Amino acid sequence: MPELIAFLATLDADEEAAFVSALSGALPEARIRPFAGLSAAQRAEVEIAIVANPDPAEVALLPRLAWIQSLWAGVERLVRDLGARGIPIVRLVDPELARTMAEAVLAWTYYLQRDMPAYRRQQEAGLWRPLPYRPPAETAVGLLGLGALGTAAAHRLAQAGFRVAAWSRSPKPLPASLVAVEAFTGAAGLPRLLALSDIVVCLLPLTAQTRGLLGATQFGAMKAGAALMNFGRGPIVVTDDLLAALDAGHLSHAVLDVFDSEPLPPASPLWRHPGVTVLPHVTGPTNPRTAAAIVAHNVRTYRETGRIPDAVDIGRGY
Ligand code: NDP
């Protein structure tokens, strides 16, 4: 009998069908079955679960689970809900996701560098007023996070001629293609990166260390007139402090793709704030086809070698 792999998700029906179809196509030697369709005997067989926002109570009903493959790159919920169980959690690392995210970072960097929020406001006021042009080489973009997504974004920005700086937890050698990137690490490095950046881009995971990391002190350390993009996770930014920095005119604009609560509640002041662009968590979507190919590779490597793919460090939170 082909191996049974459980699919556990809280997605709408079309999205779930697209993932199951892509995974079944990439792993024809296995049976990918949604959890709801598994009998108790079948649940007892399952060694691998592929998940997208799973119900932790369902995961608990798979007694032989050897590892969990996430279809998302961000795993803070899995770490919170399942970390204590000690089952390795493998997150999605997909070059296509990184490419899509890097494209979004470049697109919204251009939006800010070319003063589009200001021109929008001028148009609303019927105001014809050219603003000074600031070339990419004179526009510093500071990336918070230099992992799979931050590295792809750094390449894209550097190729487009922007001055790039990046901040990560640990120092690491940069590839030759990123020698021009100014690298900062640790608590001491953050204010230095914030002070030089015209645009700060958050591509950090949500962990105990990064929750609430960007608040009044950090916004105060940013240049007057600087802008923020948060494409990592909502709770990394203290929303009230961000609104205060925008209202005071210290920050010029924020492009937000992620929020404390998603969908963003209708009453949130972020919806109507003139200094905020709200995106519905779209900057780095998982592509079912490319994700399925990566998951298939991970499953086959495990079957052939017994080696579980590199898993999230639960203590570190990412
Ligand atoms: P990685 O794990 O590859 O990279 C994380 C980076 O953050 C690393 O450079 C890491 O440092 C750094 N980091 C983590 N904690 C700290 C800290 N306390 N201080 C300084 N730096 C820190 O993750 P990815 O690049 O793949 O993804 C990043 C996040 O992007 C995801 O966790 C997810 O939340 C979010 N995301 C958002 C999407 C969207 O659509 N908006 C889509 C996909 C992901 P070091 O290199 O030293 O380990």
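Residues numbered from 1 in each chain as written. Predicted model: local features only at pLDDT ≥ 70, side-chain atom pairs only at ≥ 80, totals over all residues. Heavy atoms only, no water.

In the nomenclature of an unreviewed UniProt entry, the protein is known as Glyoxylate/hydroxypyruvate reductase A of Methylobacterium isbiliense.

**As for the overall build of the protein**
Rules: The secondary structure listing takes helices from DSSP runs of H or I that are at least 4 residues long and strands from runs of E that are at least 2 residues long, numbered from the N terminus. Buried, partly exposed and exposed residues are distinguished by accessible area as a fraction of the type maximum, computed with a 1.4 Å probe on protein chains only: under 20%, between the cut-offs, and over 50%, respectively. Any two residues having at least one pair of non-hydrogen atoms within 4.5 Å are treated as being in contact. Every accessible area reported is derived by Shrake-Rupley at a probe size of 1.4 Å, with residue values counting cover from the shown protein chains alone. Only four residue types enter the tally: Lys and Arg on the positive side, Asp and Glu on the negative side, with His and both chain ends excluded. Lys charges are placed at NZ, Arg charges at CZ, Asp charges at CG and Glu charges at CD.
From N to C terminus, the protein includes eleven helices and twelve strands. Along the first, second and third principal axes, the C-alpha atoms of the protein reach 70 × 45 × 30 Å. Counting the 318 residues in the protein, one finds 47% classified as buried. Long-range pairs, those at least 24 residues apart, make up 62% of the contacts in the protein between residues at least 6 apart in sequence. Element-wise, carbon and sulfur atoms account for 57% of the exposed surface of the protein, whose accessible area totals about 15000 Å². Between the centroid of the 28 positive side chains of the protein and the centroid of its 29 negative side chains there is a distance of 4 Å.

**Some remarks on the sheet that holds strand 1 (residues 3-9)**
Within a sheet, adjacent strands bond to each other through the backbone by hydrogen bonds, running parallel or antiparallel. Our working definition: For two strands to be treated as a pair, DSSP must find no fewer than two bridges joining them.
With parallel pairing, five strands are arranged side by side in an open sheet as 2-1-3-4-5. This sheet does not close on itself; its edge strands, each paired only once, are strand 2 (30-34) and strand 5 (89-90). Note: strand 1 against strand 2, five bridges, orientation parallel. Following the sheet pairing, Ala6 is matched in strand 2 by Arg33.

**Observations regarding the pattern of salt bridges**
For clarity, the threshold we go by: Salt-bridge detection follows one rule: a side-chain nitrogen of Lys or Arg within 4 Å of a carboxyl oxygen of Asp or Glu.
Taken as a whole, this structure holds 14 salt bridges when the rule is applied. A salt bridge links Glu29 to Arg300; the nearest nitrogen and oxygen atoms lie 2.6 Å apart. Of this pair, Glu29 sits in the loop between helix 1 (13-26) and strand 2 while Arg300 sits in helix 11 (residues 288-305); the two residues are 271 residues apart in sequence, bridging distant segments of the chain. Residue classification places Glu29 among the partly exposed positions, given a relative accessible area of 39%. On the basis of relative accessibility, which here comes to 30%, the residue Arg300 falls in the partly exposed class. Glu76 is paired through a salt bridge with Arg233; the nearest N and O atoms lie 2.8 Å apart. Residue Glu76 is found in helix 4 (residues 76-82), and its partner Arg233 is found in the loop between strand 10 (226-230) and helix 10 (239-247); the two are separated by 157 residues along the sequence. Here Arg233 falls in the buried class, since its relative accessible area comes to 16%. Look at the salt bridges and you will find they share partners, linking Glu3, Glu47, Arg64 and Arg303 into a network.

**Focus on the nonpolar core**
What counts, and what does not: Joining through side-chain atoms within 4.5 Å is the link that ties buried Ala, Val, Leu, Ile, Met, Phe, Trp, Tyr and Cys residues into a set, and such a set is a nonpolar core.
Core analysis: the largest hydrophobic core is formed by 32 residues, its most contacted members being Leu144, Trp167, Leu214, Phe219, Leu242 and Leu251. Of all the secondary-structure elements, those providing two or more residues to this core are strand 6 (140-144), strand 7 (163-168), helix 8 (186-196), strand 9 (199-202), strand 10, helix 10 and strand 11 (251-256). In this view, Trp167 contacts Leu143, Leu144, Gly145, Leu146, Phe184, Thr185, Gly186, Gly189, Leu190, Leu193, Leu204 and Leu213; residues no more than four positions away in its chain are not counted. Counting 28 residues, the second-largest nonpolar core is a separate cluster that includes Leu11, Leu27, Ala30 and Ala73.

**Considerations on the packing of helix 1 against helix 11**
Quick reminder of the rule: Whenever a helix is involved, its axis is fitted only over the stretch in contact; in every case the axis is a line through C-alpha atoms, and angles between N-to-C directions fall within 0 to 180 degrees. Note on terminology: angles under 35 degrees are roughly parallel, angles over 145 are roughly antiparallel, angles of 65 to 115 are roughly perpendicular, and the others are oblique. When the near helix sits turned anticlockwise from the far one by under a right angle, the crossing is termed left-handed; a clockwise turn instead gives a right-handed crossing.
Axis separation between helix 1 and helix 11 bottoms out at 8 Å; the angle between their running directions is 45°. As summarised for this structure, helix 1 and helix 11 are arranged oblique, according to the angle between their axes. The way helix 1 lies across helix 11 gives a crossing that is right-handed. Taking contact as the criterion, the partners of Ala18, Phe19, Ala22, Leu23 and Ala26 in helix 1 are, on helix 11, Pro288, Arg289, Ala292, Ala293, Val295, Ala296 and Arg300.

**Remarks on the environment of Ala140**
Among the structural elements, Ala140 can be located in strand 6. Ala140 sits in the buried class, given a relative accessible area of 2%. Spatially, the C-alpha atom of Ala140 lies 5.2 Å from that of Asp198, the residues being 58 residues apart in sequence. Here Ala140 is in contact with Arg163, Leu196, Ser197, Asp198 and Ile199, once residues within four sequence places are set aside.

**Re the site of the ligand**
The cut-off we apply is this: One heavy atom within 4 Å of a molecule or strand is enough for the residue carrying it to be called near that molecule or strand. Pairing of N or O atoms within 3.5 Å defines a polar contact, subject to two protein rules: one partner must be a possible hydrogen donor and the other a possible acceptor, and residues neighboring in sequence count only if both atoms are side-chain atoms. In this count, Pro and Cys sit with the nonpolar residues alongside Ala, Val, Leu, Ile, Met, Phe, Trp and Tyr, while Asp, Glu, Lys and Arg are called charged and the others, Gly among them, polar. Where each domain begins and ends is defined by an automated method or by a domain database.
Around the ligand, 29 residues are found, and the nearest of them are Leu146, Leu149, Ser170, Lys172 and Tyr318. The side chain of Arg233 places a nitrogen or oxygen atom 3.4 Å from an oxygen atom of the ligand. Within the side chain of Tyr318, an N or O atom sits 2.5 Å from an oxygen atom of the ligand. Put simply, the parts of the chain that give the shell around the ligand at least two residues each are helix 5 (95-113), helix 7 (148-159) and strand 7. Looking at the shell around the ligand residue by residue, the classes come out as 13 nonpolar, eleven polar and five charged. Here the shell around the ligand spans two domains, and each of domain 1 (3-94 + 286-305) and domain 2 (98-278) adds at least three residues to it.

**Considerations on the UniProt feature "domain: D-isomer specific 2-hydroxyacid dehydrogenase NAD-binding" (unreviewed entry) in the protein**
Applicable threshold: UniProt positions are given in the numbering used here, feature names are shortened, and annotations may be inferred rather than shown by experiment.
Under the local residue numbering, the UniProt record ascribes the feature "domain: D-isomer specific 2-hydroxyacid dehydrogenase NAD-binding" (unreviewed entry) to residues 111-282. Split by type, residues 111-282 is 29% helix and 19% strand. Its first and last C-alpha atoms lie 16 Å apart.

**A few points about helix 11**
To be explicit about the condition: To estimate how far a helix should extend, the number of its residues minus one is multiplied by 1.5 Å.
Taking 1.5 Å as the rise per residue, helix 11 with 18 residues should run 26 Å; its terminal C-alpha atoms sit 25 Å apart, in good agreement. Taken together, the buried positions of helix 11 are occupied by Thr290, Ala291, Ala292, Ile294, Val295, Ala296, Asn298, Val299, Thr301 and Tyr302. The secondary structure elements touched by the buried residues of helix 11 are strand 1, helix 1, strand 3 (48-52), strand 4 (67-70), strand 5 and helix 5. Residue Asn287 occupies the N-cap position of helix 11, its side-chain oxygen lying 2.8 Å from the main-chain nitrogen of Arg289. With its phi angle positive at about 80°, Gly306 sits one or two positions after the end of helix 11.

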